[in-house]
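Architecture at a glance
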Amino acid sequence: GAGVSQSPRYKVAKRGQDVALRCDPISGHVSLFWYQQALGQGPEFLTYFQNEAQLDKSGLPSDRFFAERPEGSVSTLKIQRTQQEDSAVYLCASSSTGTSGYNEQFFGPGTRLTVL
Amino acid sequence: GQQVMQIPQYQHVQEGEDFTTYCNSSTTLSNIQWYKQRPGGHPVFLIQLVKSGEVKKQKRLTFQFGEAKKNSSLHITATQTTDVGTYFCAGRYGGSQGNLIFGKGTKLSVKP
């Protein structure tokens with residue numbers, strides 16, 4: 001595709017519901033990143049994949065957050081038992097290099113999650 | 001933990017005035033990247049600085065990386081309304097496996 005795509009673009013969940021956010025990176029990009037961006041803040045790193053391997057998940061805020069990239073392309077970020085503090089924009093980015101990003105990261109449009 | 005501090009948080013300028021945003025880290029960075037996020041949009045890569053003392057220019061934008069690789073700046077000459085947005089620096093620590101740590105950004109508004 002032309003760029004990184006994410007779906008859904010908007011998600012409203014009731015507190016306690018599980019959600020799944022999808023990211024389609026640029027074709028052939030080895031590295032994939034998930035970030036959480038609260039209103040008025042910079043993106044905060046959640047996790048990083050190199051192909052299908054999750055090399056760093058140090059930014060995941062709790063064990064309710066889980067990410068996968070089983071075939072080294074599409075990735076899913078799952079949040080279980082959502083809480084109000086999970087409300088944010090979730091950004092996915094991909095990069096063509098095999099390291100965690102000496103090259104530029106291409107960001108998707110994000111998924112805005114609102115937990116009521 | 002590692003933090004990248006960015007100032008100012010907001011900057012309002014008249015069109016044609018200059019603008020500068022600054023990033024600081026308490027520890028040495030391996031490299032730093034700059035991104036621009038338009039209102040309602042997503043971050044878009046501007047540049048990467050790697051070498052100590054490096055200066056790069058893109059038209060009216062000048063990027064600098066400090067000699068100690070602990071600070072960086074973005075300067076825009078003669079701002080235009082198209083420069084509106086939030087500018088983020090993102091620093092990397094610890095070589096190739098270090099992840100990007102974003103600053104909180106500087107939100108630039110330009111009055112025509």
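The structure under discussion appears in the preceding block.
As a starting point, this report considers the structure included with it. It should be emphasised that the depicted structure is a prediction, and the values quoted were computed from it without experimental measurement.

Secondary structure assignment for chain A yields 0 helices and 11 strands. Reading chain A from its N end, one meets helices and strands in the order β-β-β-β-β-β-β-β-β-β-β. Principal-axis analysis of the C-alpha atoms places the extent of chain A at approximately 40 × 25 × 25 Å. Buried residues in chain A amount to 47% of all 116 residues. Considering only contacts in chain A between residues 6 or more positions apart, those separated by 24 or more positions represent 54%. Accessible surface, chain A: about 5500 Å² in total, of which carbon and sulfur atoms supply 47%. Placing the 11 positive and 11 negative side-chain charges of chain A at their respective mean positions leaves the two points 8 Å apart.

Turning next to the state of the cysteines. Two cysteines form a disulfide when their sulfur atoms are joined by a covalent bond. Tallied over the full model, the rule gives 2 disulfides over all chains. Paired by a disulfide, Cys23(A) and Cys92(A) hold their sulfur atoms 1.8 Å apart. As the torsion about the S-S bond is roughly -65°, the Cys23(A)-Cys92(A) disulfide counts as left-handed. Of this pair, Cys23(A) sits in strand E3 (residues 19–24) while Cys92(A) sits in strand E9 (residues 88–95); the two residues are 69 residues apart in sequence, bridging distant segments of the chain. In this pair, the class of Cys23(A) matches that of Cys92(A), namely buried. With a sulfur-sulfur separation of 1.7 Å, Cys23(B) is cross-linked through a disulfide to Cys89(B). The sign of the S-S torsion, about -90°, decides the handedness of the disulfide formed by Cys23(B) and Cys89(B): left-handed.

All names here are of chain A. Taken as a whole, this structure holds 13 aromatic pairs over all chains when the rule is applied. Each ring, one from Tyr35 and one from Phe45, has its centre 6.3 Å from the other, and the planes form 75°; the classification is edge-to-face. Pair noted here: Tyr35 is in strand E4 (residues 31–37) and Phe45 is in strand E5 (residues 44–50), with a separation of 10 residues, a long-range link. Residue Tyr35 shares its accessibility class with Phe45, and that shared class is buried. Where Phe65 meets Tyr90, the ring centres are 6.5 Å apart and the plane angle is 40°; that geometry is what we call tilted. In this pair, Phe65 sits in strand E7 (residues 65–68) while Tyr90 sits in strand E9, placing the two residues 25 residues apart along the sequence. The class of Phe65 is buried, set by a relative accessible area of 4%. Given the relative accessible area of 0%, Tyr90 is considered buried.

A few words on the interface of chain B and chain A. Between chain B and chain A, the contact holds 20 residues from the first and 22 residues from the second. When chain B packs against chain A, close to 1700 Å² is buried across both sides, 47% of that on carbon and sulfur atoms. Linking chain B with chain A are 0 salt bridges. Joining chain B to chain A, the criterion identifies 5 residue pairs in polar contact (both at pLDDT 80 or more). At the level of secondary structure, the elements contributing two or more residues to the side of chain B that touches chain A comprise strand E4 (31–37), strand E5 (44–49), strand E9 (85–92) and strand E10 (100–102) of chain B. Among the elements that take part in the side of chain B that touches chain A, E4(B) stands out by supplying 4 residues, more than any other.

Residue and element names in this part refer to chain B. Across the sheet, 5 strands lie side by side as E1-E3-E8-E7-E6; this open sheet has antiparallel pairing. If you trace the sheet from one side to the other, it starts and ends with strand E1 (4–7) and strand E6 (55–58), each paired once. Across the sheet, the axes of successive neighbouring strands diverge by a mean angle of 15°, strand direction being ignored. Pairing geometry for strand E7 (residues 61–65) and strand E8 (residues 71–76), over 5 bridges, is antiparallel. Counted as the bridge partner of Phe63 is Leu74 from E8.

Residue and element names in this part refer to chain A. Within the secondary structure, Gln36 is located in strand E4. Taking the relative accessible area as the measure of exposure, Gln36 reaches 17% and is therefore buried. Here the side chain of Gln36 touches Tyr90 through a polar contact of 2.9 Å, side chain to side chain. Excluding residues within four positions of it along the chain, Gln36 makes contact with Gly42, Pro43, Glu44, Leu46, Phe65, Asp86, Ala88, Val89 and Tyr90.

Rules behind the numbers
Residues numbered from 1 in each chain as written. Chains lettered and ligands numbered in written order. Predicted model: local features only at pLDDT ≥ 70, side-chain atom pairs only at ≥ 80, totals over all residues. Heavy atoms only, no water. Helix = DSSP H or I, 4+ residues; strand = E, 2+ residues; numbered from the N terminus. Buried < 20%, exposed > 50% of the residue type's maximum accessible area, 1.4 Å probe, protein only. Contact = heavy atoms within 4.5 Å. Areas by Shrake-Rupley, 256 points an atom, 1.4 Å probe, with all protein chains shown as cover. Lys, Arg positive; Asp, Glu negative; His and termini not counted. Charge placed at Lys NZ, Arg CZ, Asp CG, Glu CD. Disulfide = S-S within 2.5 Å. Phe/Tyr/Trp six-rings, centres within 6.5 Å; stacked < 30°, edge-to-face > 60°. Buried area = accessible area lost by both parts, 1.4 Å probe. Salt bridge = Lys/Arg side-chain N within 4 Å of Asp/Glu carboxyl O. Polar contact = N/O pair within 3.5 Å; in protein donor to acceptor, adjacent residues only side chain to side chain. Pairing = 2+ DSSP bridges. Axes fitted to C-alpha atoms, helices over the stretch in contact; angles between N-to-C directions.

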